[in-house]
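Read off the chains here:
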Amino acid sequence: ITLNDMANPTVYINLITTETKKSSFLYKTCEKQAQEIVSLFQVMCEQNKTANTALTPLQETSSADEIKKYKELLDTGVITQEEFDSKKKQLLGL
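These remarks concern the structure in this document. A quick note: this is a predicted structure, and the numbers were derived from the prediction, not measured.

Criteria and thresholds
- Residues numbered from 1 in each chain as written.
- Predicted model: local features only at pLDDT ≥ 70, side-chain atom pairs only at ≥ 80, totals over all residues.
- Heavy atoms only, no water.
- Helix = DSSP H or I, 4+ residues; strand = E, 2+ residues; numbered from the N terminus.
- Buried < 20%, exposed > 50% of the residue type's maximum accessible area, 1.4 Å probe, protein only.
- Contact = heavy atoms within 4.5 Å.
- Patch = residues over 30% accessible without salt bridge, like charges linked within 9 Å, V, L, I, M, F, W, Y side chains within 5 Å.
- Areas by Shrake-Rupley, 256 points an atom, 1.4 Å probe, with all protein chains shown as cover.
- Salt bridge = Lys/Arg side-chain N within 4 Å of Asp/Glu carboxyl O.
- Axes fitted to C-alpha atoms, helices over the stretch in contact; angles between N-to-C directions.
- Parallel < 35°, antiparallel > 145°, perpendicular 65-115°, else oblique.
- Nonpolar A, V, L, I, M, F, W, Y, C, P; charged D, E, K, R; others polar.

## Some points on the overall build of the protein chain
Working step 1: Helices and strands together make up the secondary structure of the protein chain, namely three helices and zero strands.
Working step 2: Along the protein chain, helices and strands appear, N-terminal first, in the series α-α-α.
Working step 3: Across the 94 residues of the protein chain, 7% fall into the buried class.
Working step 4: Within the protein chain, contacts between residues separated by at least 24 positions form 19% of all contacts whose residues are at least 6 apart in sequence.

## Quick word on a nonpolar patch on the surface
Working step 1: A cluster of nonpolar side chains, contributed by Val 11, Ile 13, Leu 15, Leu 40, Phe 41 and Met 44, occupies part of the molecular surface with about 480 Å² of accessible area.
Working step 2: As for its position among the elements, Leu 15 is in the segment before α1 (25-53).
Working step 3: The partly exposed category is assigned to Leu 15, whose relative accessible area is 32%.

## Notes on the environment of Leu 15
Working step 1: As for Leu 15 and Gln 33, which are separated by 18 residues in sequence, their C-alpha atoms are 8.3 Å apart.
Working step 2: If near-sequence neighbours (up to four positions away) are discounted, Leu 15 is found in contact with Cys 30, Gln 33, Ala 34 and Ile 37.

## Topic: the packing of helix α2 (residues 63-75) against helix α3 (residues 81-92)
Working step 1: Between α2 and α3, whose axes approach to 10 Å, the crossing angle comes to 180°. In terms of axis orientation, α2 runs roughly antiparallel to α3. The residues of α3 that touch α2, namely those facing Ser 63, Glu 66, Ile 67, Tyr 70, Lys 71 and Leu 74, are Gln 81, Phe 84, Lys 87, Lys 88, Leu 91 and Leu 92.
Working step 2: Per-class residue counts for the contact of α2 with α3 are six nonpolar, two polar and four charged.

## Section: the pattern of salt bridges
Between side chains of opposite charge, a pair can form when the charged atoms approach closely.
Working step 1: If you walk through the whole model with that rule in mind, you get two salt bridges.
Working step 2: One salt bridge in this structure joins Lys 69 and Glu 66, with 3.3 Å as the shortest N-O distance. Pair noted here: Lys 69 and Glu 66 are both in helix α2, with a separation of three residues, about one helical turn.
Working step 3: Between Lys 71 and Asp 75 there is a salt bridge, and its shortest N-O distance comes to 2.8 Å. Linking Lys 71 with Asp 75, this pair stays in helix α2, spanning four residues, or about one helical turn.
Working step 4: Overall, the relative accessible area of 53% leaves Asp 75 in the exposed class.

See the structure below:
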């Protein structure tokens, strides 16, 4: 999978992790799954292109909205408590 991210431009999905013959049931099943994954990503990319062309102008977000967003990132473990506290102080002008 190729991504639009310079730091991590490619992600590999390993469907088969052992030596397998191309004529085996496992290989054929995984080959079908790989085709379905690729098709799904193509649909998602097309939907994303369509959604991006139909975007309305962004509304300004309040400090409270930003803090809420960072709190969700904290709760899901994406950022640390220290990062959250620092951003919160910055947004509140403290």
